[in-house]
Amino acid sequence: MHALVGLLVAAFGAALAVFGPAFAKGLRSGDGGPSDRGNAVAFRVIGGALVVMGLLYTLGVLG
């Protein structure tokens, strides 16, 4: 069960990093400007961190 939860967290993080910027851009109306780039970076950083934490949890390093 430990491995399954870790893999689910990693998969969610990967999906967040890949699809998050496009999702956030689709929600905005008008010209996003610098905030669009900031949102994309934030989604990729948070998603990447979730991937790493999920893999470490799967391997038993965390939790």
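Please refer to the structure placed before this passage.
All values derive from a computational prediction rather than experimental measurement.

So, how was this worked out
Residues numbered from 1 in each chain as written. Predicted model: local features only at pLDDT ≥ 70, side-chain atom pairs only at ≥ 80, totals over all residues. Heavy atoms only, no water. Helix = DSSP H or I, 4+ residues; strand = E, 2+ residues; numbered from the N terminus. Buried < 20%, exposed > 50% of the residue type's maximum accessible area, 1.4 Å probe, protein only. Contact = heavy atoms within 4.5 Å. Areas by Shrake-Rupley, 256 points an atom, 1.4 Å probe, with all protein chains shown as cover. Polar contact = N/O pair within 3.5 Å; in protein donor to acceptor, adjacent residues only side chain to side chain. Patch = residues over 30% accessible without salt bridge, like charges linked within 9 Å, V, L, I, M, F, W, Y side chains within 5 Å. Salt bridge = Lys/Arg side-chain N within 4 Å of Asp/Glu carboxyl O. Expected span 1.5 Å × (residues − 1). Bend = angle between axes of the 7 residues up to and from the residue.

Draft legend 1. View of the overall build of the protein. A count of helices and strands for the protein gives two helices and zero strands. The burial tally for the protein puts 19% of its 63 residues in the buried class. Of all intrachain contacts in the protein linking residues separated by at least 6 positions in sequence, the fraction that spans at least 24 positions is 70%. Approximately 4300 Å² of the protein is accessible, and the part contributed by carbon and sulfur atoms is 75%.

Draft legend 2. Structural view of the environment of Gly6. Of note, Gly6 is situated in helix α1 (residues 2–27). In this structure the C-alpha to C-alpha distance between Gly6 and Leu50, which are 44 residues apart in sequence, comes to 9.6 Å. Apart from the residues within four sequence positions on either side, Gly6 is in contact with Gly54, Leu55, Tyr57 and Thr58.

Draft legend 3. Focus on the environment of Thr58. Mapped onto the elements, Thr58 comes out in helix α2 (residues 34–59). Sequence spacing of Thr58 and Gly6 is 52 residues, and the spatial spacing of their C-alpha atoms is 4.5 Å. If near-sequence neighbours (up to four positions away) are discounted, Thr58 is found in contact with His2, Ala3, Gly6 and Leu7. Polar contacts involving the side chain of Thr58 include one to the main-chain amide nitrogen of Leu7, which spans 3.3 Å.

Draft legend 4. Looking closely at a nonpolar patch on the surface. On the surface, Val52, Met53, Leu56, Leu59, Val61 and Leu62 cluster together to form a nonpolar patch covering roughly 550 Å² of accessible area. Inspection of the secondary structure assignment puts Leu56 in helix α2.

Draft legend 5. Region of interest: α1. Relative to the 38 Å expected for 26 residues at 1.5 Å per residue, α1 spans 35 Å between its end C-alpha atoms, a close match to the ideal helical length. Where α1 bends most, the angle comes to about 50°, and this point is Phe19, followed within four residues by the proline Pro21. Within α1, the full set of buried residues consists of Gly6, Ala10, Gly13, Ala17, Gly20, Pro21 and Ala24.

Bear in mind that shape data such as this cannot, by itself, settle questions of function.
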